[in-house]
Amino acid sequence: MSTEQTNITVDSAYEAVAPDDFPAMMEVERYGNRSTAFDKIISATHDHFWDPQDPKFVDFSQPFDMENEYLVDPLGLAELQTAINDKIDEKQRIKLVNLDVQWSLSSILHGEQGALALSASLCHILKDPGAQEYAANQTREEARHVAGFSNYIKARWGKPVAVGPALGDLLTELVLSPLVWKKIVGMQMLVEGLAMGAFATFYKQSNDPVMTKLMQLTMTDEAFHHKFGKIWADRTIPKLSEHERNQIEDWAWEVFQVLLYNLGSPEQKKHIYAAVGLDWEWVQSAFMEAMTDSAVREDMMEATNIFRVLIKTLLKAGVITDRTSANYAAFIDMKELHQEGDRMVGDDIAEEGIKYLRELNGNTNKYMSLDTMTAAE
Ligand SMILES: [Fe+2]
Ligand SMILES: [Fe+2]
């Protein structure tokens, strides 16, 4: 980093102290200084309660024929749109697709663990009691995602695979950073935005009802985490100095590239290719070759459209401006995004899930739609 990064506080709801300054939390005046900005998302928590250990919500004992059936639609796997497809037989294709799902869900599990530790760390630095209650609540929800994804991975593969170095380093940086803006832009917008895109894709393409249910239940929580990031952005971005905004914008672009690299690089998925008898360097050359064909490239962009939610989140929050817009245009139609409303691709899936959970939990209180959660007081 060329310039030193510091906390940027323009709204008192995000005032922060050093992670080891617990005495500041016992200041008598602090307890009564509570922002109402997060009250709606805190109150809504019971509307989307679920328990990953209770088969009433999702039953991880439901079997799936891992050897003979695709966990997800194979058309979604970029590898199978290259010369790799002709090199392997149907059995190996199924193996490749299902191992790729294990890789993705393991990355998500590590991301959930990162989100858990990050939300907990927000409780140590945010001074506002309302912001703290929100963060504590998110911590509890991330813990159930860790439990849910661990249960699913255990049922299908036994255990997860190790985190890729790029994602592992990024999550560590976010968790350990004392900077609120870095935590919120990095986790709530970038990592959670990417996760929402991935959940929506798995929800639509999964052939395993257990996975579909897990995605939807997780999304009922994540939609609110996304709102927390939006509230921060609405109250912060428009009031930043140019220097501060540029700093955040440039850092977001750096993180975006890290995430793109982590998911896209054949080197990080060596073990998957080895399992079907392919050398990762050969796989990489097959990708390069396919990328020169524009039709294939478009298909592949379609397949990796999970970045769309992330880019849209940054754009709608004002983190992406004309300074870096062209960088993202290589991956997505930015004009189209500009014209879209605030509603996210996962919101409909989440909202349907919340209605299902309300019924299951016997909730009779008035339903508040997701769109009302960020409405100004
Ligand atoms: Fe989560
Ligand atoms: Fe989350």
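Analysis parameters
Residues numbered from 1 in each chain as written. Chains lettered and ligands numbered in written order. Predicted model: local features only at pLDDT ≥ 70, side-chain atom pairs only at ≥ 80, totals over all residues. Heavy atoms only, no water. Helix = DSSP H or I, 4+ residues; strand = E, 2+ residues; numbered from the N terminus. Rg over C-alpha atoms; globule rule 2.2 N^0.38 Å. Buried < 20%, exposed > 50% of the residue type's maximum accessible area, 1.4 Å probe, protein only. Contact = heavy atoms within 4.5 Å. Donors = N, O, S within 2.8 Å, 3.2 Å for Na, K, Ca; no water. Tetrahedral: all angles 85-135°; square planar, octahedral: opposite > 155°, others 65-115°. Salt bridge = Lys/Arg side-chain N within 4 Å of Asp/Glu carboxyl O. Expected span 1.5 Å × (residues − 1). Bend = angle between axes of the 7 residues up to and from the residue. Polar contact = N/O pair within 3.5 Å; in protein donor to acceptor, adjacent residues only side chain to side chain. Core = buried A, V, L, I, M, F, W, Y, C linked by side-chain atoms within 4.5 Å. Axes fitted to C-alpha atoms, helices over the stretch in contact; angles between N-to-C directions. Parallel < 35°, antiparallel > 145°, perpendicular 65-115°, else oblique. Left-handed = near helix turned anticlockwise from the far one by under 90°. Nonpolar A, V, L, I, M, F, W, Y, C, P; charged D, E, K, R; others polar.

Engineer: Mind showing me how you'd approach the overall build of the protein chain here?
Structural biologist: Helices and strands together make up the secondary structure of the protein chain, namely 16 helices and zero strands. Taking 377 residues into account, the globule formula puts the C-alpha radius of gyration at 21 Å, and the protein chain, at 21 Å, falls close to it. Seen through its C-alpha atoms, the protein chain measures out along the principal axes to roughly 70 × 50 × 40 Å. Counting all 377 residues of the protein chain, 53% fall into the buried class.

Engineer: In this structure, what is going on with the side chain of Lys-312? I would like to understand it.
Structural biologist: When you line up the elements, Lys-312 lands in helix H13 (residues 307-317). Given the relative accessible area of 5%, Lys-312 is considered buried. The residues touching Lys-312, leaving out its near neighbours within four places in the chain, are Leu-337, Glu-340, Gly-341, Asp-342, Arg-343 and Met-344.

Engineer: I would appreciate a short explanation of the coordination of the iron ion (ligand 1) in the present structure.
Structural biologist: For a metal with four tetrahedral donors the ideal donor-metal-donor angle is 109.5 degrees, whereas six octahedral donors ideally subtend 90 or 180 degrees. Around the iron ion (ligand 1), the protein contributes the donor atoms Glu-112 (OE), Glu-142 (OE), His-145 (ND1) and Glu-222 (OE), at 1.9 to 2.2 Å from the metal centre. Metal-centred angles of 90 to 139 degrees between the four donor atoms at the iron ion (ligand 1) mark the site as irregular. In primary-sequence terms, the residues that donate to the iron ion (ligand 1) follow E-x29-E-x2-H-x76-E. Between the iron ion (ligand 1) and the iron ion (ligand 2), a spacing of 3.2 Å is present, and a bridge between the two is formed by Glu-142. Of this pair, Glu-112 sits in helix H4 (residues 90-125) while Glu-142 sits in helix H5 (residues 129-157), placing them 30 residues apart in sequence. Assigned by exposure class, Glu-112 and Glu-142 land together as buried.

Engineer: I keep staring at the coordination of the iron ion (ligand 2) and nothing clicks. Help me out?
Structural biologist: On the protein side, the iron ion (ligand 2) has Glu-142 (OE), Glu-192 (OE), Glu-192 (OE), Glu-222 (OE) and His-225 (ND1) as donor atoms, found 2.0 to 2.4 Å from it. Positions of the donor residues of the iron ion (ligand 2), expressed as sequence spacing, correspond to E-x49-E-x29-E-x2-H. Given a relative accessible area of 4%, Glu-192 falls into the buried group.

Engineer: In this structure, what is going on with the pattern of salt bridges? I would like to understand it.
Structural biologist: If charged atoms from side chains of opposite charge come close, those side chains can pair. On inspection of all chains with the given rule, the structure shows 17 salt bridges. Between Glu-90 and Arg-93 there is a salt bridge; the shortest N-O distance is 2.9 Å. Highlighted residues: Glu-90 and Arg-93, both in helix H4, separated by three residues, approximately one helical turn. Between Asp-234 and Lys-230 there is a salt bridge, with its nearest N and O atoms 3.1 Å apart. Of this pair, Asp-234 and Lys-230 both sit in helix H8 (residues 209-236), separated by four residues, roughly a single helical turn. One network of salt bridges, in which partners are shared, links Arg-245, Glu-249, Asp-250 and Arg-323.

Engineer: Hey, could you run me through H8 in this one?
Structural biologist: What sets the pattern is the α-helix's 3.6 residues per turn: residues three or four places apart point alike. Between its first and last C-alpha, H8 extends 40 Å over 28 residues, near the 40 Å set by a 1.5 Å rise per residue. Helix geometry: H8 is bent most strongly at Thr-220, by close to 30 degrees. Counting buried positions along H8 gives 23 out of 28 residues, so the element sits mostly inside the fold.

Engineer: Is there a simple way to think about H5 in this case?
Structural biologist: Helix length check: H5 (29 residues) gives 41 Å between terminal C-alpha atoms against 42 Å at 1.5 Å per residue, within 8%. Of all 29 residues in H5, 21 are buried, a share of seventy percent or more. Here H5 starts with a cap whose side-chain oxygen sits 2.7 Å from the backbone nitrogen of Gly-130, and that cap is Asp-128. In the stretch just after H5, Gly-158 is the one whose phi turns positive, near 95 degrees.

Engineer: What's the story with the nonpolar core in this structure? I'm lost.
Structural biologist: Soluble globular proteins: nonpolar side chains tend toward being buried together. Core analysis: the biggest nonpolar cluster contains 115 residues, and Phe-38, Leu-105, Trp-232, Ile-311 and Leu-314 have the highest contact counts within it. Ranked by the residues each element gives to this core, the list is headed by helix H7 (residues 180-205), at 15 residues. With sequence-adjacent residues up to four places away left out, Phe-38 is seen in contact with Ala-13, Tyr-14, Gly-130, Ala-131, Tyr-134, Phe-228 and Ile-231.

Engineer: Can you walk me through the packing of H4 against H5 in this structure?
Structural biologist: Packed helix pairs are characterised by how far apart their axes lie and by the angle those axes make with each other. Remark: H4 packs on H5, axes separated minimally by 8 Å, with the N-to-C direction vectors making an angle of 155 degrees. Comparing their axes, H5 and H4 come out roughly antiparallel. Considering the relative orientation of H4 and H5, their crossing is left-handed. Residue composition of the contact of H4 with H5, by class: 17 nonpolar, ten polar and two charged.

Shape is all these values report; function is a separate question.
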